[in-house]
Amino acid sequence: MLKIANRCGFVAIVGRPNVGKSTLINAILGRKISIVTPKPQTTRHRILGIYTTNDSQIIFIDTPGLHRSATKTINRMMNRVAASALSDADLILFVSEATRWTVEDQDVLFKLKQSPIPIMALPNKIDKIHPKEELLSVLSAMSDRHTFDEVLPISAKLNDNLDRLIDLIPNYLPESPSLYPKEILTDRNESFQISELIREKLTLLLRQEVPYGLTVQIERMEKERKGININAVIWIERDSQKGIVIGKGGKVLKKIGRLARLELKERLNMPVHLDLWVKVKNNWSDNEKELMRLGYD
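Please read these numbers as outputs of a predicted model, since none were measured by experiment. (Residues numbered from 1 in each chain as written. Predicted model: local features only at pLDDT ≥ 70, side-chain atom pairs only at ≥ 80, totals over all residues. Heavy atoms only, no water.)

**Re the pattern of salt bridges**
Inference 1: Under the criterion given, the structure shown has 16 salt bridges.
Inference 2: In this structure, a network of salt bridges that share partners links the residues Arg-16, Glu-97, Arg-100, Asp-105 and Lys-125. (Salt bridge = Lys/Arg side-chain N within 4 Å of Asp/Glu carboxyl O.)

In structure tokens form, the structure reads like this:
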């Protein structure tokens, strides 16, 4: 009996901000690898999500959204991270919203057209299309924009068509042994995942402008028999942001800490003691050295 060759390769998930790239990778892996919020530019780092079957290993690269406005160093760095993922990929998943097409989508597609790598178009959020017959015009319009290798409508939120996606991807990957043990789901360590989870809660609860000026760094993490103790610093850019993050009588910070602690307890399956501190590092997001110190690629 012939043995089926194993396929393994890198699949870049690309699109403008807030089209559902992180939701897609989390849905495929069945676990939160990338944080998700309704606000654009939530994903700031290149994160690998690793999906392994008996005859293939798909290494998804979740990237920051490619966007036009890159006035700060952090925005330019995020654009570089997203662009560099394309050079490593065997396949590109171009994610857009099925319900609308924007100038930013067009910009991303223009960049992708310069690449020789196969591109699969994934119009996402098809659960929002009513009546369902409108989906045919969405797919027709997408096919007119470029000769994609595949056009597959999906709903990452409802897991719609994701099984079909997983069936198609290995056809575009090279024959190769798996690069990671089958139990590994991501290349990011526990400390990184915890800091991102805290940042997710901050992004969800704070006013629109504040989350883009903060980041989270784990200073200490100690596991004991009774649980885990975590000390984390929330770095902000201006003194004026401190009161917003902490809130009157510490109310906002306590709520953020409680939400993060509850999710961490469920994820780690152990009691969690979380101490959060808010500190100012002036203009950190526009300083390349500070960004590197804070763990940005």
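**Considering the nonpolar core**
Inference 1: Ranked by size, the top nonpolar core spans 27 residues in total, and within it Leu-24, Phe-60, Leu-93, Leu-122, Leu-165 and Ile-169 carry the most contacts.
Inference 2: Counting only elements with at least two residues in this core, the list comes to strand S1 (7-14), helix H1 (21-29), strand S3 (56-62), strand S4 (91-97), strand S5 (119-124) and helix H5 (162-168).
Inference 3: The greatest single-element share of this core, amounting to five residues, is contributed by H1.
Inference 4: Those residues in contact with Ile-169 that lie beyond four places of it in its chain are Val-11, Ile-58, Phe-60, Leu-91, Leu-93 and Met-120.
Inference 5: Ranked by size, the runner-up nonpolar core spans 24 residues in total, among them Ile-228, Ala-260, Leu-268 and Leu-276. (Core = buried A, V, L, I, M, F, W, Y, C linked by side-chain atoms within 4.5 Å. Buried < 20%, exposed > 50% of the residue type's maximum accessible area, 1.4 Å probe, protein only. Helix = DSSP H or I, 4+ residues; strand = E, 2+ residues; numbered from the N terminus. Contact = heavy atoms within 4.5 Å.)

**Considering the layout of surface pockets**
Inference 1: Each pocket or cavity is described by its volume, and for the largest pocket that value is around 390 Å³.
Inference 2: Looking at the largest pocket, it is lined by 24 residues, and the ones nearest its centre are Asn-18, Gly-20, Thr-23, Val-36 and Thr-37.
Inference 3: The element that contributes the greatest number of residues to the lining of the largest pocket is H1, accounting for three residues.
Inference 4: Classifying every residue of the lining of the largest pocket by side-chain character gives seven nonpolar, 11 polar and six charged. (1 Å grid on protein atoms, 1.4 Å probe; cavity = no way out; pocket = protein on both sides within 12 Å on 5 of 7 lines; lining within 4 Å. Points joined across faces, edges and corners; volume = space filled by probe spheres on them. Nonpolar A, V, L, I, M, F, W, Y, C, P; charged D, E, K, R; others polar.)

**Some words on the sheet that holds strand S9 (residues 272-280)**
Inference 1: The three strands are arranged S7-S8-S9 in an open sheet whose pairing can be described as mixed. Bordering the open sheet on either side are strand S7 (214-224) and S9, each of which pairs with just one other strand. Each strand of the sheet is rotated relative to its neighbour by a mean of 15°, with strand direction disregarded.
Inference 2: Summarising the sheet, S7 and strand S8 (residues 227-236) pair through 10 bridges and their orientation is antiparallel. Pairing of Ile-218 across the sheet is with Ala-232, part of S8. (Pairing = 2+ DSSP bridges. Axes fitted to C-alpha atoms, helices over the stretch in contact; angles between N-to-C directions.)

**Focus: empty space enclosed by the protein**
Inference 1: In this structure the tally under the stated criterion is two cavities of 30 Å³ or more.
Inference 2: Here the largest cavity is characterised by a volume of approximately 80 Å³.
Inference 3: In terms of lining residues, the largest cavity is bounded by Lys-32, Ile-33, Ser-34, Ile-35, Ile-47, Thr-186, Arg-188, Phe-192, Gln-193, Glu-196, Leu-197 and Arg-267.
Inference 4: Counted by class, the lining of the largest cavity contains five nonpolar, three polar and four charged residues.
Inference 5: Around the second largest cavity sit Lys-39, Pro-40, Gln-41, Thr-42, Arg-44, Arg-199, Thr-203, Pro-211 and Tyr-212, which together line it.
Inference 6: Among the residues making up the lining of the second largest cavity, the classes are represented as three nonpolar, three polar and three charged.

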